[in-house]
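Understanding the architecture of this molecule
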Amino acid sequence: MKAFLFYSRYSLAYLFALLALLGAALGGAWTFLGVIGLFVIHPIWDHILRTKHIPEVRPKSRLPEALLIFALPFMSVFLFTGVIHSLDATALELTGLILSFGAITGVLAINTAHELAHRREKTMRGLGVGLLLLANFAHYAIEHVYGHHKNVATPEDPATARKNEWIYTYHFRSFFGGLWDAFKLENKRLNNKPLWHRVRHRIVWYLLLQVLMCLAVFGLYGNAALVFWLGQGVVGVLLLQTADYIEHYGLVRTKKEDGFYEGTKAPHSWDSYQAVTNYTLINLGYHSHHHLKATLPFTELQEQPGALKLPHGYSAMALLAFAPPLYFKKMNPLISLHQK
């Protein structure tokens, strides 16, 4: 019972998903309830509870793994529900559905996929790819693990935001740069193998599956459903990339005389220890520890000595990032303080 009470708090993202479903059922302006939950209720709740560190001793339980595994069937039914509601939706309702369901795709589907992509078990990684396919973002499973984690906080990493880089231009650079890097990584993996192994090019297969899924949605349900499907995926990806933006904004690893960069250290990530942020995003806020030990399960992540701390939780920082001058005013002095 103790373990259940301890780990059930990490199901908070499912609560916000229920808000999106409630909004869809009520219709009208209520369809925006999911995105309101994440960008109004969430930051207020996060601020009220403020910082709450994870205890070093955690009870043993299979619940964390169950929550990860449950994400794929849940999100499949969740998005199917969104497709059905989109069929007779007005323009206002369709916009609300895309924003609300897309926000949950980013927070629950892609974020859970991020955790699964780092697991050693092939089955768990496969579940992660399945979640990413729902957002038309499957190449992330390769680029993030083998590209971002190697090149983080360097100019070679499209997911690392430069100092004074506007988030709106960053989104284009991060997405297309990440897709290009994923192709290069997969080509490199197959480079020294026989020619017929090219049919095992994962990025090509991922893109093909995504196209087939879009065609299936369109063929079965029509234009509105396809607009919803593509739209929620775009919103989900933008939220994931916004998280990437705030996690490494303005941080740079030193390039040594031999041309190699210094190893990744705790100060090369921004951490957030707010309770609601980490209960919703399964400890994504302990980001410096994640980059030091990428295969470590989210339940074991801890605050690291020397880690840099964000002034607010993820939802509040995301809202701030959407207003670049305000974001720069808040974060640039912290970067300067770190660089001294």
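Scoring rules and cut-offs
Residues numbered from 1 in each chain as written. Predicted model: local features only at pLDDT ≥ 70, side-chain atom pairs only at ≥ 80, totals over all residues. Heavy atoms only, no water. Axes fitted to C-alpha atoms, helices over the stretch in contact; angles between N-to-C directions. Helix = DSSP H or I, 4+ residues; strand = E, 2+ residues; numbered from the N terminus. Parallel < 35°, antiparallel > 145°, perpendicular 65-115°, else oblique. Contact = heavy atoms within 4.5 Å. Nonpolar A, V, L, I, M, F, W, Y, C, P; charged D, E, K, R; others polar. Salt bridge = Lys/Arg side-chain N within 4 Å of Asp/Glu carboxyl O. Buried < 20%, exposed > 50% of the residue type's maximum accessible area, 1.4 Å probe, protein only. Arc of directions from axis to C-beta. 1 Å grid on protein atoms, 1.4 Å probe; cavity = no way out; pocket = protein on both sides within 12 Å on 5 of 7 lines; lining within 4 Å. Points joined across faces, edges and corners; volume = space filled by probe spheres on them. Polar contact = N/O pair within 3.5 Å; in protein donor to acceptor, adjacent residues only side chain to side chain. Patch = residues over 30% accessible without salt bridge, like charges linked within 9 Å, V, L, I, M, F, W, Y side chains within 5 Å. Areas by Shrake-Rupley, 256 points an atom, 1.4 Å probe, with all protein chains shown as cover. Lys, Arg positive; Asp, Glu negative; His and termini not counted. Charge placed at Lys NZ, Arg CZ, Asp CG, Glu CD. Phe/Tyr/Trp six-rings, centres within 6.5 Å; stacked < 30°, edge-to-face > 60°.

With respect to the packing of helix α10 (residues 223–248) against helix α13 (residues 314–321)
At a closest axis distance of 10 Å, the pairing of α10 and α13 adopts a crossing angle of 95°. By the criterion of interaxial angle, the relationship of α10 to α13 is roughly perpendicular. Of the residues in α13, those touching α10 at T242, A243, Y245, I246 and E247 are Y314, M317, A318 and A321. Looking at side-chain class alone, the contact of α10 with α13 contains 7 nonpolar, 1 polar and 1 charged residues.

Notes on unusual backbone geometry
Of note, N136 is a non-glycine position whose phi angle comes to about 55°, a positive value. With a phi angle near 70°, N164 is a residue other than glycine that sits in the positive phi range.

Things to note about the pattern of salt bridges
For the structure shown, the criterion picks out 7 salt bridges. Two residues, R119 and E65, come together in a salt bridge whose shortest N-O distance is 2.9 Å. One end of the pair, R119, is in the loop between α5 (91–117) and α6 (122–133); the other, E65, is in helix α4 (residues 63–86), and 54 residues separate them in sequence. Look at R119 and you get buried, because its relative accessible area is 7%. One salt bridge in this structure joins E262 and K265, with 3.3 Å as the shortest N-O distance. Look at E262 and you get buried, because its relative accessible area is 16%.

Observations concerning α13
Buried within α13 we find Y314, S315, M317, A318 and A321. The buried residues of α13 occupy an angular sector of 160° when projected down its axis, which confines them to one face.

Topic: the layout of surface pockets
Here the idea is plain: a probe the size of a water molecule rolls over the atoms and shows the empty space left. The computed volume of the largest pocket comes to approximately 410 Å³. For the largest pocket, the lining is made up of 16 residues, of which K122, R125, V129, R202 and Y206 are closest to its centre. For the lining of the largest pocket, the secondary-structure elements that each account for two or more residues are α6, α7 (140–151) and α9 (202–221). Looking at the lining of the largest pocket residue by residue, the class counts come to 8 nonpolar, 3 polar and 5 charged. Put simply, the second largest pocket is a space of about 310 Å³. Around the second largest pocket, the lining is made up of 16 residues, and of these N136, F175, F176, V234 and V237 lie nearest the centre. The greatest single-element share of the lining of the second largest pocket, amounting to 6 residues, is contributed by α10. Grouping the constituent residues of the lining of the second largest pocket by class yields 10 nonpolar, 6 polar and no charged.

Details of the side chain of N283
Tracing the backbone shows N283 in the loop between α11 (275–280) and α12 (287–292). Judged by relative accessible area, which is 1%, N283 ranks as buried.

Describing the packing of helix α8 (residues 167–190) against α10
Across the interface, α8 lies against α10 with an axial gap of 10 Å and an inter-helix angle of 105°. One element, α8, and the other, α10, form an angle in the roughly perpendicular class. Taking contact as the criterion, the partners of I167, Y170, H171, S174 and F175 in α8 are, on α10, V237, L238, Q241, T242, D244 and Y245. Taken together, the residues that form the contact of α8 with α10 break down as 6 nonpolar, 4 polar and 1 charged.

Some thoughts on the side chain of H118
On the secondary structure map, H118 appears in the loop between α5 and α6. The class of H118 is buried, set by a relative accessible area of 7%. A polar atom in the side chain of H118 sits 3.3 Å from the side chain of H149. Once residues lying within four places of it in the same chain are set aside, the contact partners of H118 are H144, V145, H149, H290, A294 and T295.

A short note on the environment of L215
Along the chain, L215 falls in helix α9. With relative accessibility at 51%, the residue L215 sits in the exposed group. Sequence separation between L215 and L226 is 11 residues; the distance between their C-alpha atoms is 8.2 Å.

Re a nonpolar patch on the surface
Residues L15, L18, I36, V40, I41, I44, W45, I48 and L49 make up a contiguous nonpolar surface patch of about 810 Å² in total accessible area. For the nonpolar patch, the secondary-structure elements that each account for two or more residues are α2 (12–26) and α3 (33–49). Relative to the helices and strands, I41 is located in helix α3.

What about a positive patch on the surface?
Taken together, the side chains of K122, R125, K193 and R200 define a basic patch exposed on the protein surface. Tracing the backbone shows K122 in helix α6.

Focus: the packing of aromatic side chains
This structure, assessed with the given rule, holds 21 aromatic pairs. Aromatic pair Y245 and Y327: ring centres 5.4 Å apart, planes at 50°, arrangement tilted. Here Y245 is found in helix α10, whereas its partner Y327 is found in helix α14 (residues 324–339), with 82 residues between them in sequence. In this pair, the class of Y245 matches that of Y327, namely buried. Each ring, one from Y249 and one from Y327, has its centre 5.1 Å from the other, and the planes form 80°; the classification is edge-to-face. Of the two residues, Y249 sits in the loop between α10 and β1 (270–271) while Y327 sits in helix α14, which places them 78 residues apart along the sequence. With respect to class, Y249 is no different from Y327; both count as buried. Each member of the aromatic cluster is reached from another via a ring pair, and the members are Y14, F70, F74, F78, F101 and F228.

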